[in-house]
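# Overview (structure and organization)
Here's the letter readout for the chains.
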Amino acid sequence: MLVLGFPAGPLQANCYLLAAGDGADCVIVDPGQEATEALEEQLREHRLDPVAVLLTHGHFDHVFSAGEVCRAHDVPAWIHPADRYMLTDPAASMGPQGAELFEALPPLVAPGDVRDLGDGDVLELAGLELGVTHSPGHTGGSVLFGVGTEEGGRLLLAGDTLFAGAIGRTDLPGGDHGTMLHTLRTRILPLVDDTVVLPGHGPTTTIGRERASNPFLQDLAPADR
């Protein structure tokens, strides 16, 4: 399995590409601000053909290039319906300063084909099976993508739900700290320790490492999903 990732834009949001290997179909996860050039370089270098754009949530630093990428490659974007409005109104997700922020940015191009993600969905794309888990807290429509590898490992594309040593902020519209704690307890802590976490910002980590050292998880008792 081929997993590529790079940070993009002023907020350094991680964009990922997943494929069975070089010269294969791929899915693109969270193409945010200024992601297009690096993304196209990766596609050319590894001879990859995109079949879908997957979005962990709707914040502009994760979706800003989604429309451009989808239209360039004629592929759909997948997002949870609770965050779908952000694809056409990104300022609404950023609070009172949102409109002022977006006056300085180029216009956002919305994907032409947008499809809904639901909790428990399994997407069969690019020769991969990606499980979808609704993980509200950072936003109302945040999701996790889980995928197994041929070697028996597990990957979790966590968006802004879980970082190395931290969790996503909950003070923006659609965020809720209590909901985030519930998500961490019921969706994150039950995962096996060797699950590799590909977060929306910052370095890769594992569930075991975060269980042992992440201060936001220390006082949470795991619950059955």
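Structural data are supplied above this passage.
Notes on the structure in this doc start here.

About the cut-offs
- Residues numbered from 1 in each chain as written.
- Predicted model: local features only at pLDDT ≥ 70, side-chain atom pairs only at ≥ 80, totals over all residues.
- Heavy atoms only, no water.
- Buried < 20%, exposed > 50% of the residue type's maximum accessible area, 1.4 Å probe, protein only.
- Helix = DSSP H or I, 4+ residues; strand = E, 2+ residues; numbered from the N terminus.
- Pairing = 2+ DSSP bridges.
- Arc of directions from axis to C-beta.
- Contact = heavy atoms within 4.5 Å.
- Patch = residues over 30% accessible without salt bridge, like charges linked within 9 Å, V, L, I, M, F, W, Y side chains within 5 Å.
- Areas by Shrake-Rupley, 256 points an atom, 1.4 Å probe, with all protein chains shown as cover.
- Salt bridge = Lys/Arg side-chain N within 4 Å of Asp/Glu carboxyl O.
- Lys, Arg positive; Asp, Glu negative; His and termini not counted.
- Charge placed at Lys NZ, Arg CZ, Asp CG, Glu CD.
- Axes fitted to C-alpha atoms, helices over the stretch in contact; angles between N-to-C directions.

## Quick look at the pairing of strand β8 (residues 128-134)
The side chains of a regular strand alternate, first on one face of the sheet and then on the other. Burial analysis of β8 places five of its seven residues in the buried class, which makes it a mostly covered element. With four bridges joining them, strand β7 (residues 122-125) and β8 adopt antiparallel strand pairing. Bridge assignment links Leu-123 to a residue of β8, and that residue is Leu-130. Turn length for the β7-β8 hairpin, with the two strands adjacent in sequence and antiparallel, is two residues, and the turn residue Ala-126 shows positive phi of about 55 degrees. With five bridges connecting them, β8 and strand β9 (residues 143-148) associate as antiparallel partners. Of the residues in β9, the one forming a bridge with Leu-130 is Val-147.

## Observations concerning the sheet that holds β9
Read from one edge to the other, the open sheet built from six strands follows the order β7-β8-β9-β10-β13-β14, with strand pairing classed as mixed. Edge positions in the sheet fall to β7 and β14 (205-206), since each of these pairs with one other strand and no more. Of the pairings in the sheet, the one linking strand β13 (residues 196-199) to β14 comprises two bridges and is antiparallel in character. Across the sheet, Val-196 pairs through a bridge with Thr-206, a residue of β14.

## With respect to helix α1 (residues 36-46)
When we look at burial in α1, the residues that qualify are Thr-36, Leu-39, Gln-42, Leu-43 and His-46. Buried residues in α1, looked at end-on, bunch into an arc of 125 degrees, giving them a common side. α1 presents Glu-37, Arg-44 and Glu-45 as exposed residues on the side facing more than 90 degrees away from its buried surface. Elements in contact with the buried residues of α1: β1 (2-8), β2 (13-19), β3 (25-29), β4 (49-54) and α3 (66-73). Arg-47 lies just past α1 and shows a positive phi near 55 degrees.

## Focus: a negative patch on the surface
On the surface, Asp-22, Glu-37, Glu-41 and Glu-45 cluster together to form a negatively charged patch. Here Asp-22 lies in the loop between β2 and β3. Note on Asp-22: relative accessible area 46%, which makes it partly exposed.

## What about the environment of His-59?
Among the secondary structure elements, His-59 is positioned in the loop between β4 and α2 (60-63). According to the relative accessible area criterion, His-59 is buried, its value standing at 3%. For His-59, the contacting residues outside a window of four places in its chain are Met-86, Ser-93, Met-94, His-138, Thr-139 and Leu-172.

## Quick word on the sheet that holds strand β6 (residues 114-116)
The six strands are arranged β1-β2-β3-β4-β5-β6 in an open sheet whose pairing can be described as mixed. Looking at strand neighbours, the two that pair on one side only are β1 and β6, the edges of this open sheet. Strand-to-strand twist in this sheet, taken as the mean axis angle between neighbours without regard to direction, amounts to 25 degrees. As defined by bridge partners, β4 adjoins strand β5 (residues 77-79) across two bridges and the pair is classed as parallel. Looking across to β5, one finds that Val-53 is bridged to Ala-77.

## Side note on α3
Buried residues of α3: Ala-66, Gly-67, Val-69 and Cys-70, and no others. Summarising the axial view, the buried residues of α3 lie within an arc of 165 degrees, below the 170-degree limit, and thus occupy one face. In α3, those exposed residues whose orientation departs by more than 90 degrees from the buried face are Arg-71 and Ala-72. Of the residues one or two after α3, Asp-74 is the one with positive phi, at around 55 degrees.

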